[in-house]
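Here are the chains, one letter per residue:
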Number of protein chains: 2
Amino acid sequence: MRAAVLRQGRMVVRDDVAEPVPGPGQVLVEVKACGICGSDLHFAQHGEDLLASTAQLEGVANQNDDVDLSRDIFMGHEFSAEILEAGPSTDTYAPGTLVTSVPVLISPQGMDMIVYSNTTLGGYAERMLLSAPLLLPVPNGLDAGPAALTEPMAVGLHAVNTSRIERNETALVIGCGPVGIAVIAALKLLGVEDIVASDFSPTRRRLAAAMGAHVTLDPAQDSPFHQCRPAVVFEAVGAPGIIDDILRRCPAGTRVVVAGVCMQPDTVHPLYAAVKQISVSFVFGYDPAEFASSLRAIAEGDIDVRPMITGSVPLDGMADAFDELATPDAHCKILVTP
Amino acid sequence: MRAAVLRQGRMVVRDDVAEPVPGPGQVLVEVKACGICGSDLHFAQHGEDLLASTAQLEGVANQNDDVDLSRDIFMGHEFSAEILEAGPSTDTYAPGTLVTSVPVLISPQGMDMIVYSNTTLGGYAERMLLSAPLLLPVPNGLDAGPAALTEPMAVGLHAVNTSRIERNETALVIGCGPVGIAVIAALKLLGVEDIVASDFSPTRRRLAAAMGAHVTLDPAQDSPFHQCRPAVVFEAVGAPGIIDDILRRCPAGTRVVVAGVCMQPDTVHPLYAAVKQISVSFVFGYDPAEFASSLRAIAEGDIDVRPMITGSVPLDGMADAFDELATPDAHCKILVTP
């Protein structure tokens with residue numbers, strides 16, 4: 001079977017990957033579309049930093065402690081797929097049903113995240129395994145491409161839910177990559193009446209406006225905080241220095257939601273945050289109910305994700321797609337269609 | 001009139017300070033007791049850093065922009081005082097009434113914080129001005145010493161209110177200086193059933209236990225996070241590195257309340273906070289209702305602040321008191337009795 005794998009920081013296609021065999025409770029599926037996530041690019045570039053940091057982490061199970069960067073890594077966690085066959089004693093939807101799922105594979109050994117793994121296949125493969133209890137059939141005849149955006153849009157929904165923003169409060173979204181765009185779509189879905197989006201890229205600002213931003217700002221012209229007075233700021237850049245700039249410039253009492261994932265150490269001035277009594281909520285992922293809401297919103301047309309899909313490549317095109325996504329101006333979401 | 005002032009980083013006593021004259025809405029008071037706050041020590045040591053940082057700050061009025069460190073600085077914001085006389089056309093309590101107030105002086109020019117100033121007198125003086133509308137008479141015959149602790153105890157009350165902690169949740173208080181002790185007292189007042197306090201100093205741990213901590217831990221033995229599983233962590237140290245250590249070790253989903261004020265830049269790993277979806281609320285001060293609640297709790301005996309008062313000095317003793325407070329083991333709160 002064919003799959004694209006991360007090897008020494010580059011995506012390469014293998015045609016000798018062992019055919020996955022579903023166990024009890026598992027389902028073999030054919031991947032129809034899989035989005036390339038910014039976190040996959042980050043992992044390709046900063047995988048060692050990430051593994052070193054998560055190895056230091058206490059208070060949570062380390063999902064990455066058996067990841068070996070010297071061996072091939074399977075990735076791809078934003079997928080839609082058609083059911084091929086169920087494992088032994090497993091009830092599921094009919095073969096041919098288009099489904100999606102939170103990226104978790106349940107096995108007798110436990111729950112494996114479908115994110116970075118030397119062993120668990122992701123969506124950058126012709127076929128993969130999913131967990132029958134977690135499958136969501138894609139409703140309303142929604143195509144496989146938009147269905148694959150269920151996962152990234154759920155990230156935005158979770159960030160907005162965590163913020164507890166009210167419709168009459170001003171939201172400022174800093175960074176209009178896929179995470180920022182998902183936040184904007186979720187704010188629009190909630191009916192927030194003043195959505196301000198900031199990005200250096202004119203292409204991204206146009207996409208932000210198309211997805212629901214009422215005002216778009218170029219931070220190269222002036223700080224967004226000189227042009228609006230947000231109650232909630234969504235940080236969707238994930239680069240060092242951004243959090244401190246927000247703390248320094250935002251109004252007193254701002255609620256900051258950090259949705260970007262900065263994988264390096266970062267410098268902040270706690271005094272800035274203290275004097276202005278700022279709260280900072282770090283968000284990650286979503287819960288299963290938010291994932292299901294995301295699919296429903298896309299399938300019912302409440303969120304139109306089509307403007308976000310800026311490209312589609314076969315497995316062979318992934319290495320080039322990773323390179324193109326490194327320059328953010330051209331693309332938002334590229335789908336892999338194995 | 002005599003007052004102790006900060007001059008070149010040291011407290012010195014002057015006897016040539018001009019007698020304050022109350023304007024309309026103001027009241028001349030005789031200071032009976034004024035607590036030495038950790039922030040005064042920080043300011044004496046790191047005043048330039050603080051002014052440089054607050055000068056960078058946007059989104060809030062800079063209370064310090066006219067503070068000149070090359071001139072004498074008046075301080076002292078934790079006071080109780082007796083009314084001497086009211087300004088013109090000013091109704092207030094009878095002369096001799098013991099009062100306290102949030103440390104704000106209202107003048108025709110606006111609201112001046114009574115905290116660090118070249119011009120506005122604080123509680124490290126024989127007499128000072130207060131604002132008639134902000135005065136709270138000290139009830140129940142409470143002595144001037146405990147009444148002066150209204151302000152620092154309000155800081156703890158505000159931190160606990162911000163946390164929205166439930167009584168059955170575990171609280172971990174890191175650092176048992178005056179701020180940490182005020183947090184512990186407020187947690188006890190709320191009826192929180194599992195209050196864990198951590199400090200390197202055995203004297204401070206004993207005080208923490210006296211003020212309401214159910215468990216006290218020495219972090220030199222092992223990380224407090226290896227010995228309890230808090231829902232809410234109160235950071236009451238204010239030194240670089242503490243916030244990142246909390247982010248790294250605390251359980252997933254922890255609410256962190258930062259009550260310590262770190263005046264230097266600090267390094268954090270946003271990834272730690274992201275993976276565990278931690279929220280961080282920075283708190284500062286209190287609102288007038290919390291200040292009034294604090295006075296009431298002390299006057300009604302719901303919070304017994306007497307174990308916190310470890311010393312009392314005249315104005316001439318302030319320089320030595322600042323030195324003694326730099327070594328935290330001996331003292332919690334020293335009162336100045338001008």
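Residues numbered from 1 in each chain as written. Chains lettered and ligands numbered in written order. Predicted model: local features only at pLDDT ≥ 70, side-chain atom pairs only at ≥ 80, totals over all residues. Heavy atoms only, no water.

Take the domain arrangement of chain A next. Residues and elements named next belong to chain A. With domains assigned, chain A is organised as domain 1 (1–136 + 304–334) and domain 2 (150–280). Its C-alpha centre places domain 1 at a distance of 28 Å from the equivalent point of domain 2. Taken together, the contacts link 17 residues of domain 1 with 16 residues of domain 2. Between domain 1 and domain 2 the total buried area reaches about 1500 Å² when both faces are included, carbon and sulfur atoms providing 68% of it. Summed over the shared surface of domain 1 and domain 2, the result is zero salt bridges. Between domain 1 and domain 2 we count zero residue pairs in polar contact (both at pLDDT 80 or more) in total. When residues in the side of domain 1 that touches domain 2 are grouped by element, the largest group, five residues, is from helix H1 (residues 38–56). Residue composition of the side of domain 1 that touches domain 2, grouped by class: seven nonpolar, five polar and five charged. (Domains from an automatic or database assignment. Contact = heavy atoms within 4.5 Å. Buried area = accessible area lost by both parts, 1.4 Å probe. Salt bridge = Lys/Arg side-chain N within 4 Å of Asp/Glu carboxyl O. Polar contact = N/O pair within 3.5 Å; in protein donor to acceptor, adjacent residues only side chain to side chain. Helix = DSSP H or I, 4+ residues; strand = E, 2+ residues; numbered from the N terminus. Nonpolar A, V, L, I, M, F, W, Y, C, P; charged D, E, K, R; others polar.)

The next thing to look at is the relation of the copies chain A and chain B. Mapping between the two chain copies consists of a rotation about an axis together with a translation along that axis. Here chain A sits on chain B after a turn of 180° about the axis and a move of 0.0 Å along it, with an RMSD of 0.0 Å. Put plainly, the chains are arranged around a two-fold axis. Most of the interface of chain A is mirrored in chain B, where 100% of its interface residues again form contacts. (Least-squares fit on C-alpha atoms with pLDDT ≥ 70 in both.)

Looking now at the UniProt feature "domain: Alcohol dehydrogenase-like N-terminal" (unreviewed entry) in chain A. Look at the UniProt record and you will see "domain: Alcohol dehydrogenase-like N-terminal" (unreviewed entry) annotated at residues 23–139 of chain A. As annotated, residues 23–139 of chain A comprises 16% helix and 31% strand, and the C-alpha atoms at either end are separated by 26 Å. (UniProt positions renumbered as here; feature names shortened; annotations may be inferred.)

All right, on to the pattern of salt bridges then. Opposite charge on two side chains permits pairing when their charged atoms draw close. Residues and elements named next belong to chain A. According to the stated counting rule, one finds 30 salt bridges over all chains in the structure shown. Between Glu30 and Lys32 there is a salt bridge, with its nearest N and O atoms 3.4 Å apart. Residue classification places Lys32 among the partly exposed positions, given a relative accessible area of 30%. Residues joined by salt bridges that share partners form a network here, namely Arg7, Arg14, Asp16 and Asp72. (Buried < 20%, exposed > 50% of the residue type's maximum accessible area, 1.4 Å probe, protein only.)

The subject of this paragraph is the interface of chain A and chain B. Counting from both sides, the interface comprises 40 residues of chain A and, opposite them, 40 residues of chain B. Here chain A and chain B share an interface that buries about 3600 Å² over both sides, 62% of which is from carbon and sulfur atoms. On the chain A side of the interface with chain B, the three residues burying the most area are Glu58, Leu271 and Phe282 of chain A, jointly 20% of the side's total. Applying the counting rule to chain A against chain B returns four salt bridges. Among the salt bridges present, the one from Arg248 of chain A reaches Glu58 of chain B, with a minimum N-O distance of 3.9 Å. Elements with a contribution of two residues or more to the side of chain A that touches chain B: H1, helix H6 (242–249), strand E15 (266–268), helix H7 (270–275) and strand E16 (279–282) of chain A. With six residues, H7 of chain A is the single largest residue contributor to the side of chain A that touches chain B. Pairing of E16 of chain A with strand E16 (residues 279–282) of chain B involves three bridges; the strand directions are antiparallel. Paired with Ser281 of chain A across the bridge in E16 of chain B is Ser279 of chain B. (Pairing = 2+ DSSP bridges.)

Angle between the axes and distance between the axes: these two values describe a pair of packed helices. Residue and element names in this part refer to chain B. Contact geometry of helix H4 (residues 178–190) with helix H5 (residues 202–211) gives a least axis separation of 9 Å together with a crossing angle of 20°. Relative to H5, the element H4 lies roughly parallel. As for the relative orientation of H4 and H5, their crossing is right-handed in sense. On H5, the residues that touch Ile181, Ile184, Ala185 and Lys188 of H4 are Arg204, Leu207, Ala208 and Met211. Taken together, the residues that form the contact of H4 with H5 break down as six nonpolar, no polar and two charged. (Axes fitted to C-alpha atoms, helices over the stretch in contact; angles between N-to-C directions. Parallel < 35°, antiparallel > 145°, perpendicular 65-115°, else oblique. Left-handed = near helix turned anticlockwise from the far one by under 90°.)

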